[in-house]
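Spelled out from the first residue to the last, the chains are:
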Amino acid sequence: MSELKTILQNHIRTHGAMDVASFMDFCLAHPIHGYYMTRDPFGRSGDFITAPEVSQLFGEMIGVWCADMWMKMNMPERFHLLECGPGRGTLMKDLWRATQNIPGFHAACHIHLLETSPVLSSIQQENLLGLSVTWHKNLETFRADAPVIIIGNEFFDALPIQQAIFHADQWYMRRIACDAQGDFVFVRGEILMSEFGDGHEGDIREFSPIQDDIWQNFLSILGRVGGGALMIDYGGDVDFANDTLQAVKAHQYKDIFDDLGNVDLTSHVAFGRLKKMARLQGLKAMELMPQGVFLQNLAIQKRAEILIQKNPDHIKNIMSGLERLIAPDQMGNLFQVLCVYDKNLQPPLGFS
Ligand code: SAH
């Protein structure tokens, strides 16, 4: 039995049935046994592959987007570029290389990485050797004393969510308890006063105070100092997702209660809610755009052609990476792009 399973069983025995977000938090972020704390999960040999790991074109395009955003912000002499959940640091590395010829951009840019995992932070350090970077475990240490550009790929889906379940005309908190054998089972917790509206017996709605809290922090910062944010993730234009909590191990879906701490737990992001929050803050929020359309609007194909001219031997790799990022049946439609920005600015690249 995994040590994390024993820790969770003891916690439930002592404190009672556990909410889904706390369960996710234990499994992902426990200082000794948490999934993200102990490993590098990315890539072909890892549990899942993310867009920056598929092809350098991804980070390069995000770099082009950031440089354009900076220009639309009137090229401030000093600004902060905050990447949330940077994984291996690959996106930032590619972004930085792609923007090296933009006069003034590197000199003005202060790089910040928001990252909780010590394992990944040290991989980021190796990959970004030579760059001046400030790491943050949470937003308390991030001082926004200049305009900010915020980017994040597959960041929100890694943050814990709560679930509510509909029963006999009421929404209840969904909790996790242990059965007589010590196995984990879902149970109904307390009644929730919620904005979920009506439902059918057994319906599930997901919500995430942690996502909302971090996003609200970003929005307040953008409202105060100006700038914009680009968040890419799988999810949809809904206020609350249905039952999307899932476990992934070695590119396959697993039972969320199996192999605790060794499987990744993720959920679909409810972008509709994030968009509404941005508008309430007085920011401009574009309608969601599929990743494939967004990258093509940024001329990713043109960039791929140039890359092939320079590296003709790599044509197969470059083309398959491009295909993976933009094809509607691969990452192109599954991933969506949310863009919010200071409403005094011209619309960012890719959305105008
Ligand atoms: N953006 C990367 C990695 C995505 S995986 C890529 O596309 O390859 C999610 C990332 O978010 C990991 O780096 C993980 O360690 C980080 N993370 C998870 N929870 C976090 C939190 N609460 N605060 C900051 N980073 C977090």
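Just above sits the structure.
Since we're looking at a predicted model, the values are computed, not measured.

This next bit is on the overall build of the protein chain. Of the regular secondary structure elements, the protein chain holds 14 helices and 17 strands. Since a compact globule built from 352 residues should have a radius of gyration of about 20 Å, the 21 Å found for the protein chain is in line with a globular shape. Taken over the C-alpha atoms alone, the protein chain extends approximately 65 × 45 × 40 Å along its principal axes. In the protein chain, which comprises 352 residues, the share counted as buried stands at 56%. Once local pairs closer than 6 in sequence are excluded, the contacts in the protein chain between residues at least 24 apart make up 74%. For the protein chain, the centre of its 29 positive side-chain charges and the centre of its 42 negative side-chain charges are spaced 5 Å apart.

This part is about the site of the ligand. The environment of the ligand is formed by 17 residues, the closest being Thr50, Gly85, Gly87, Glu115 and Asn153. In the model, a nitrogen atom of the ligand is placed 2.7 Å from a nitrogen or oxygen of the Gly85 main chain. In this structure, Asn153 approaches the ligand through a side-chain N or O atom, which is 2.7 Å from an oxygen atom. Across the complex, the protein chains shield 92% of the 570 Å² of accessible surface that the ligand would expose by itself. In this structure the site holding the ligand corresponds to the largest pocket.

Turning our eyes to something else, we now look at empty space enclosed by the protein. Under the counting rule described, the total for this entry stands at two cavities of 30 Å³ or more. The computed volume of the largest cavity comes to approximately 50 Å³. What lines the largest cavity is Ile161, Glu206, Phe207, Ser208, Gln211, Ala241, His268, Val269, Ala270 and Arg273. Looking at the lining of the largest cavity residue by residue, the classes come out as five nonpolar, three polar and two charged. When its volume is computed, the second largest cavity comes out at roughly 30 Å³. Looking at the second largest cavity, the residues that line it are Ile62, Leu91, Ile151, Gly152, Asn153, Leu230 and Ile232. Only strand E5 (148-153) and strand E10 (227-236) provide two or more residues apiece to the lining of the second largest cavity.

Helix H13 (residues 315-326) packs onto helix H12 (residues 300-310) with a crossing angle of 170° between their chain directions and a minimal axis gap of 10 Å. The orientation of H12 with respect to H13, classified from their angle, is roughly antiparallel. Here H12 runs over H13; the crossing is right-handed. The segment H12 lies against H13, with Ile300, Gln301, Ala304, Leu307 and Ile308 engaging Ile315, Ile318, Met319, Leu322, Leu325 and Ile326.

Each value, and the rule that gives it
Residues numbered from 1 in each chain as written. Predicted model: local features only at pLDDT ≥ 70, side-chain atom pairs only at ≥ 80, totals over all residues. Heavy atoms only, no water. Helix = DSSP H or I, 4+ residues; strand = E, 2+ residues; numbered from the N terminus. Rg over C-alpha atoms; globule rule 2.2 N^0.38 Å. Buried < 20%, exposed > 50% of the residue type's maximum accessible area, 1.4 Å probe, protein only. Contact = heavy atoms within 4.5 Å. Lys, Arg positive; Asp, Glu negative; His and termini not counted. Charge placed at Lys NZ, Arg CZ, Asp CG, Glu CD. Near = heavy atom within 4 Å. Polar contact = N/O pair within 3.5 Å; in protein donor to acceptor, adjacent residues only side chain to side chain. Areas by Shrake-Rupley, 256 points an atom, 1.4 Å probe, with all protein chains shown as cover. 1 Å grid on protein atoms, 1.4 Å probe; cavity = no way out; pocket = protein on both sides within 12 Å on 5 of 7 lines; lining within 4 Å. Sits in = over half its atoms within 2 Å of the grid points. Points joined across faces, edges and corners; volume = space filled by probe spheres on them. Nonpolar A, V, L, I, M, F, W, Y, C, P; charged D, E, K, R; others polar. Axes fitted to C-alpha atoms, helices over the stretch in contact; angles between N-to-C directions. Parallel < 35°, antiparallel > 145°, perpendicular 65-115°, else oblique. Left-handed = near helix turned anticlockwise from the far one by under 90°.

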